[in-house]
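# Reading the structure
Chain by chain, the residues run as shown.
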Amino acid sequence: MQANEILSHFGLTHAGDHPVHSPIDGAEIGRVGYDDARSVDAKIARSVEAFHAWRNVPAPRRGELVRLFGEELRANKDALGRLVTLEAGKILQEGLGEVQEMIDICDFAVGLSRQLYGLTIASERPGHRMMETWHPAGPVGIISAFNFPVAVWAWNAALAIVCGDCVIWKPSEKTPLTALATQSLFERALKRFADAPANLSQVVLGLRDVGEMLAKDNRLPVISATGSTRMGRELAPVVAQRFGRSILELGGNNAMIAAPSAKLDLAQRAITFAAVGTAGQRCTSLRRLFVHEAIYDKLVPALKSIYAALPLGNPLEKATLVGPLIDRAAFENMERALASARDEGGKITGGGRALEKEFPNAFYARPAIVEMADQTSTVCRETFAPILYVMRYAKFEEALARHNAVPQGLSSCIFTQDLQEAEKFLAASGSDCGIANVNIGPSGAEIGGAFGGEKETGGGRESGSDSWKAYMRRQTATINYSDALPLAQGIEFAV
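Description of the structure in this document.

## Brief notes about the pairing of strand β5 (residues 140-143)
Because side chains alternate across β5, one face comprises the buried residues V140 and I142, and the other comprises G141 and I143, equally buried. With four bridges joining them, β5 and strand β6 (residues 167-170) adopt parallel strand pairing. Looking across to β6, one finds that I143 is bridged to K170.

## Quick word on helix α9 (residues 229-241)
With 13 residues, α9 extends 19 Å from end C-alpha to end C-alpha; this agrees with the ideal 18 Å at 1.5 Å per step. Looking at α9, one finds that the buried residues are T229, M231, G232, L235 and V239. Summarising the contacts, the buried residues of α9 are in contact with β5, α8 (208-216), β8 (222-226) and β9 (245-249).

## Some thoughts on the packing of helix α14 (residues 396-404) against helix α15 (residues 419-426)
Two elements in contact, α14 and α15, have axes separated by 12 Å at closest approach and are oriented at 25 degrees. Compared by their axis directions, α14 and α15 come out roughly parallel. In terms of crossing hand, the pair formed by α14 and α15 is right-handed. In this structure, α14 uses F396, E397, L400 and H403 to contact α15, whose residues at the interface are E421, K424 and F425.

## Quick word on the sheet that holds strand β4 (residues 128-136)
Sheet architecture is open: three strands sit in the order β3-β4-β23, paired in antiparallel fashion. Two strands bound the open sheet, and with one partner strand each, they are β3 (119-121) and β23 (472-480). The mean angle between the axes of side-by-side strands here comes to 25 degrees, regardless of whether they run parallel or antiparallel. In the sheet, β3 pairs with β4 via three bridges, with the strands oriented antiparallel. Bridge pairing in β4 places I121 opposite M130.

## Comments concerning the pattern of salt bridges
According to the stated counting rule, one finds 28 salt bridges in the structure shown. The shortest N-O distance in the salt bridge between D35 and K43 comes to 3.0 Å. The exposure class assigned to D35 is buried, which follows from its relative accessible area of 12%. According to the relative accessible area criterion, K43 is buried, its value standing at 15%. R192 is paired through a salt bridge with E71; the nearest N and O atoms lie 2.5 Å apart. With R192 in helix α7 (residues 176-193) and E71 in helix α3 (residues 59-75), the pair connects residues that are 121 residues apart, well separated along the chain. According to the relative accessible area criterion, E71 is partly exposed, its value standing at 30%. Residues participating in the shared-partner salt-bridge network are E64, R67, E71, E72 and R192.

## Details of the nonpolar core
Formed by 79 residues in total, the largest nonpolar core has its most connected members in F10, L65, F69, L73, M102 and W153. Ranked by residue count, the leading element in this core is helix α6 (residues 151-162), at eleven residues. Listed in part, the 55 residues of the second largest apolar core include A255, I326, A337 and I369.

## Description of the sheet that holds strand β16 (residues 387-393)
Ordered by their spatial adjacency, seven strands build an open sheet running β12-β15-β16-β11-β10-β18-β19, and the pairing between neighbours is mixed. Looking along the sheet, the strands with just one partner apiece sit at the ends: β12 (347-350) and β19 (435-438). For this sheet, the mean inter-axis angle between neighbouring strands, taken without regard to orientation, is 20 degrees. Here β12 runs beside strand β15 (residues 368-371); their pairing, made up of four bridges, is antiparallel. Across the sheet, residue T349 finds its bridge partner in β15, namely I369. Packed on one face of the sheet, helix α10 (residues 264-276) meets β10 (254-258), β11 (286-292), β16 and β18 (411-415) and runs near 155 degrees to β11. Where helix α12 (residues 328-343) meets the sheet, its contacts fall on β12, β15 and β16, and the angle it forms with β16 comes to roughly 25 degrees.

## Here we look at unusual backbone geometry
With a phi angle near 85 degrees, A194 is a residue other than glycine that sits in the positive phi range. The topology assignment puts A194 in the loop between α7 and β7 (201-203). Its relative accessible area of 64% is what places A194 among the exposed residues. Of note in the backbone geometry, S465 takes a positive phi value of approximately 55 degrees without being a glycine. For S465, a relative accessible area of 41% corresponds to the partly exposed category.

## Thoughts on the side chain of T178
As for its position among the elements, T178 is in helix α7. Ignoring anything within four residues of it in the chain, the contact list for T178 reads L80, L83, V84, E87, P149 and V150.

The rules behind the values
Residues numbered from 1 in each chain as written. Predicted model: local features only at pLDDT ≥ 70, side-chain atom pairs only at ≥ 80, totals over all residues. Heavy atoms only, no water. Buried < 20%, exposed > 50% of the residue type's maximum accessible area, 1.4 Å probe, protein only. Helix = DSSP H or I, 4+ residues; strand = E, 2+ residues; numbered from the N terminus. Pairing = 2+ DSSP bridges. Expected span 1.5 Å × (residues − 1). Contact = heavy atoms within 4.5 Å. Axes fitted to C-alpha atoms, helices over the stretch in contact; angles between N-to-C directions. Parallel < 35°, antiparallel > 145°, perpendicular 65-115°, else oblique. Left-handed = near helix turned anticlockwise from the far one by under 90°. Salt bridge = Lys/Arg side-chain N within 4 Å of Asp/Glu carboxyl O. Core = buried A, V, L, I, M, F, W, Y, C linked by side-chain atoms within 4.5 Å.

Following this line, the structure appears as structure tokens:
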């Protein structure tokens, strides 16, 4: 399917003044119109109105809408996956995998709709019962990034909707078409559901100013934002100033420790996928690799050989494993990082622009391995590109300390057959990241677990486990079914 055919499939037209370009070849694949302040304000008002109706719908019934949405995703997986590839540039397998992730979170949310459990709490007062109940929080603003243009929205939206909330989605200005296509599928599910309030899910398009409008508006009690640490540092105080709640999923500078007992064949595959998948533009991409000195001279040359043979090219073609960077700015950031690493003594294998003749208006880059003597300031900064910094270590404690010595704390992993090393890595004194894996890479998380990280990654959690609680408000209630009025803590107050 070509771009026009895919857009037509979702009922989308070239409407608006703002062109959308594919990172594959730089060609224009669509046009969209941006929302202005009046439009954003009106959509928030409509979301509040919808929320007042939706919060009273029983949660299992709300889950039925998400189930229908999951069916629409299943029926349109190929078309939406291809659009993800066209607009974001990730290879088709990853585009399809992203849609599967949406389907998976819908399945999770449907089950969750019957498990929004509260608590019964023992009261110290005779004839009293205490309980804890979760209620819908309100309209949720979702700000998503280009690298996962639809899955991260689904993580938030599927949970928010079964929790009784409405959603307003501000996608990246680089990937608005996938958002509009997803909204089209959601509206198909709404028609089948038949009795949901209008404006349960809405999309607002625009640049930074649109996201700022969502962050400032006190009608949106929850803002979920995915993006850079810089973005989160600016957004979080705005939301906090009005006592709103932020769910932040920000930068990651993810690392692997390759221990002397590591199974090298598994490690090589995990390293390669995590470091070059999505052209190094995942928040969980592998960026730092600590290799024990006993296996360094085996593992690193093997990685260089794998890198040299990686098939770069059009991500729609089956053989391709590495597609383009999202745009020129991403390529220039990669070049600056490599130049900085070189100045700090790094030995670079790979890097540089590729396929410039074939795709003069796109930015393909050769993945780079940079051997560093130490963890310099450049290594400690996240660069959203396929750069893997490799460092040698002698003792586990040394590697762990360097692993944790960065501002970010999203994902981490160790490859080892040593049980003590594995357990130390997962212990309270081990990895300081929100995700810690043993014998798998740092990327490719399943939806069943809570996704997010610590430190400058923002501390938010999305997707599985009990992440749903962020989209609800907690209420503690005490019921007195006696004929007396005893006070807590044994206080006597006779009137």
